[in-house]
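The residues making up each chain are set out below.
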Amino acid sequence: MVKKSINKQKISPFKICDISNEQPNIAELGREHISQLVKGNGADEHDVRLVASKLENFSFTVMVRPNFQEKLTENKIVGNKGAGEVCGSKEDMLQKIAVLKQNYAQDAHILFLLFNKLKKLPHMGWGRDNKIILDELTHNYIYSEQCSQCQGARENPCSKCHGKGNIPCFNCKGFGLMDCLYCHATGRVADGQGGQKECPKCYGRIKTKCTECLGKKYMICDLCRGSRYIPCKNCGQTGYLSVQTKIEFEILATATIDEKQLPTSILKLYEQKGQEKLATELHAKVTLLASDEVKKATELIKEEIDNNAEASTNPHAISVAENNTQNIVIVDNHILHYLVEIPVAKAEISIAAKRYGADIVGYQAWFSNIDNFIDILIKPAIVALQKISKGPMAQQSLINKALKYRIIKEIFSNIGKKSKGQIFKMLKFEYPHGLSDKYAKAAIKFADIAISKITEKPKIKAVIASSLLSTVIFAIWFLVPLRKFIQNMDVNTKFYIDITLLAVISFASHYIVRLFAAKSLKKLVASYNSGDASNIKEILPPAKNHGIYAIFITFAIFLIMAYMSPVSPLWLSKIGIG
Ligand SMILES: [Zn+2]
Ligand SMILES: [Zn+2]
Ligand SMILES: [Zn+2]
Ligand SMILES: [Zn+2]
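A quick note: this is a predicted structure, and the numbers were derived from the prediction, not measured.

Q: Can you tell me about the overall build of the chain, naming the residues and giving the values?
A: For the chain, the helix and strand inventory stands at 17 helices and 17 strands. Put simply, the chain has 578 residues, and 30% of those count as buried. Counting only contacts in the chain whose residues sit at least 6 apart along the sequence, the fraction spanning at least 24 positions is 77%.

Q: So, unusual backbone geometry: which residues are in play, and what are the values?
A: Here the amide bond leading from V480 into P481 is cis, since omega sits at -20 degrees, within 30 degrees of zero. Mapped onto the elements, P481 comes out in the loop between α14 (456-479) and α15 (491-525). Positive phi is not limited to glycine here, since Q151 has a value of about 55 degrees. Tracing the sequence through the fold places Q151 in the loop between β4 (139-146) and β5 (155-157). With a phi angle near 70 degrees, K217 is a residue other than glycine that sits in the positive phi range. When you line up the elements, K217 lands in the loop between β10 (207-209) and β11 (218-220).

Q: Give me the lowdown on the pairing of strand β17 (residues 366-369), citing residues and values where you can.
A: For a regular strand, the rule is simple: side chains alternate between the two faces of the sheet. Direction of pairing for strand β16 (residues 354-361) relative to β17: antiparallel, over a ladder of three bridges. Note that in β17 the partner of I360 across the bridge is F367. Joining the antiparallel neighbours β16 and β17 is a turn of four residues, in which G362 adopts a positive phi near 85 degrees.

Q: Report on the nonpolar core, specifying residues and quantitative values.
A: Core analysis: the biggest nonpolar cluster contains 98 residues, and I360, I408, A443 and A447 have the highest contact counts within it. Each residue touching I408, except ones within four places of it in the same chain, is listed here: A381, A402, L403, A443 and A447. Judged by nonpolar contacts, the second largest core, of nine residues, contains W477, F478, L502 and F558.

Q: I'd like a rundown of the packing of helix α9 (residues 373-390) against helix α13 (residues 437-454), residues and numbers included.
A: The contact between α9 and α13 brings their axes to 8 Å, and the two run at 30 degrees. Put simply, α9 runs roughly parallel to α13. Where α9 crosses over α13, the handedness of that crossing is left-handed. Where α9 abuts α13, its residues D375, I378, I382, L385, Q386, I388 and S389 lie against Y439, A442, A443, F446, A447, I449, A450, K453 and I454.

Q: Give a description of the environment of S389 that names residues and reports values.
A: Examined against the element boundaries, S389 turns out to sit in helix α9. Along the backbone, S389 and S452 are 63 residues apart, and their C-alpha atoms lie at a distance of 8.2 Å.

Q: Residue-level account of helix α16 (residues 544-564), with values.
A: Spanning 21 residues, α16 covers 31 Å between terminal C-alpha atoms, matching the ideal 30 Å at 1.5 Å per step. Within α16 the residues assigned to the buried category are H546, G547, Y549, A550, I551, T554, I557, F558, M561 and A562. Looking at the buried residues of α16, the elements they touch are α14, α15 and α17 (570-574).

Q: Hey, could you go over helix α11 (residues 406-414) for me, with residue numbers and the actual values?
A: The buried count for α11 comes to eight of nine residues, which makes it a mostly enclosed element. Inspection of α11 places R406, I407, I408, K409, E410, I411, F412 and N414 among the buried residues, and these make up the whole buried set. Considering only its buried residues, α11 is in contact with α9, α10 (395-402), α12 (420-430), α13 and α15. Looking one or two residues past α11, G416 carries a phi angle of roughly 95 degrees, positive in sign.

Q: Which residues make up the confidence of the model for the chain, and what values do they have?
A: The pLDDT averaged across the chain works out to 84; a share of 88% of its residues lies at or above 70. Of the regions scoring below 50 in pLDDT, residues 1-8 engages in zero contacts with residues more than four places distant in sequence or in other chains. Low confidence marks residues 311-333, where pLDDT is under 50. Its contacts with residues over four positions away, or in another chain, come to 29 contacts.

Q: Which residues make up the environment of D371, and what values do they have?
A: Here D371 lies in the loop between β17 and α9. Since 16 C-beta atoms lie within 10 Å of it, D371 is described here as partly exposed. The sequence separation of D371 and L435 amounts to 64 residues, and the corresponding C-alpha distance is 8.9 Å.

Q: So what's going on with the packing of α14 against α16? Residues and values would help.
A: Two numbers describe how α14 lies on α16: the axes approach to 9 Å, and their chain directions differ by 20 degrees. Comparing their axes, α16 and α14 come out roughly parallel. Our pair here, α14 against α16, has a crossing hand that is right-handed. Listed contacts from α16 to K459, I460, A462, V463, S466, S467, S470, T471, F474, A475, F478 and L479 of α14 are H546, Y549, A550, I553, T554, I557, F558, M561, A562 and M564. Considered class by class, the residues forming the contact of α14 with α16 number 15 nonpolar, six polar and one charged.

The rules we used
- Residues numbered from 1 in each chain as written.
- Chains lettered and ligands numbered in written order.
- Predicted model: local features only at pLDDT ≥ 70, side-chain atom pairs only at ≥ 80, totals over all residues.
- Helix = DSSP H or I, 4+ residues; strand = E, 2+ residues; numbered from the N terminus.
- Buried ≥ 20, exposed ≤ 12 C-beta atoms within 10 Å, placed from the backbone.
- Contact = placed C-beta atoms within 7 Å.
- Pairing = 2+ DSSP bridges.
- Core = buried A, V, L, I, M, F, W, Y, C linked by C-beta atoms within 7 Å.
- Axes fitted to C-alpha atoms, helices over the stretch in contact; angles between N-to-C directions.
- Parallel < 35°, antiparallel > 145°, perpendicular 65-115°, else oblique.
- Left-handed = near helix turned anticlockwise from the far one by under 90°.
- Expected span 1.5 Å × (residues − 1).
- pLDDT = per-residue confidence, 0-100.
- Nonpolar A, V, L, I, M, F, W, Y, C, P; charged D, E, K, R; others polar.

This is the structure:
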């Protein structure tokens, strides 16, 4: 995991050239890169010569287009109060914002502020969609609006009585009558002589007048006390709200390269890397330039600060102004520009007595156009590997031939450790120029086949050796039997112990195959492991089919020994054996 992240950060296999130095001779730098690539790959450093070169410095400007986007934060305050610039209405405020936006784009002072912000960003904000908020542009507006609840009336109809002023009597539910309490709503009462008589209160009608509303059916609303309205809480009885609005401007500062102005070689670099990497990978020198107007604004501000300085003002403001008055170049009115400088070179380079025309671009000497010079150099190595895969004839001399090449050594070192795809990616990173995909893939493919071929016999030996090992171990376990020590454990535990033993021995068998293959290969390539910058590190070839054979045989021996055991495991009968 750690290794991977380091690889991601690595942007070039070459030493990064510093662009702050005097302009380097990129044709010479390109020659050095090629030397580095071909060295140990069928050629030597002095086989690479710069025959001819023509250097040019290409520069172009890219306009920064600031796009102002307002962000509104509303805060409603009760009544006619609050701070901020007063507007007649919301529409009035929006109108003011629109005018501000229009003016900002042409305001030299604001461009100056933007210029300062961009300059502090990595690579001066080049190649990114920079969103910048300038505190200086924050405004506060305030306008009043009628209360939306009471419509300015300062009071609302009572919610309990719905503006009627009274509510139905809770006791009689608005009927005006209630059950007679005297006769318990029977209409009759005892007459005192054992009989019954008509209720003297309700006269037999069961109901009497409601005692709460006295038969009026309604009661005065207790919320509005009969006034039918209650004061509006939303506006604090003022009928108005003040909307205080904070406005921030987010400036999207983008600068997009116009591809039409680029020559082909630079266009290729741009298409390959993208705009941002031109600066981050130091292919181009990118500077932010301010216009004449911005320069004037800077001077004005500086003057202002100087005048105030005697009266002792903000020391921070002074330092800011001083820092930013430098490096301002007059380009155009009202705009900011990036100046992009990219060296280009047309060169003729001789590589191992063959001449190549090349277009070299940028401070890192990126080749936009050169024939695949490595392909031609490593072809004999690929042919040798191909021959190995065909038969055992002259194996040692063929491998000697192939391993003279650094690329082949790198592939050999990584086969069995990395996937073929990963090795391919590694090669394409280490050889960004001169090696075609086709040749890279062929080299990996035939190296893999050759290793399989070379290690075939030792792998067969390894399968036999590992079979003997498993036979001995399983015999000790099942036949001696060492297994009786776990006799008292429960069935499941015994099963897991058996399976664990099988897994360990299978893994060991597989590993033995790889070890045998590695040992034989080491012998064959031993002569290349000294005195070279790119030694073959520990090779651990893949076990492939022989690894599967070893595991399969181990499993078979395991079953046979288990079957032959005097204390035959219970799981054996469960799978239908024994
Ligand atoms: Zn109101
Ligand atoms: Zn009654
Ligand atoms: Zn009532
Ligand atoms: Zn009411």
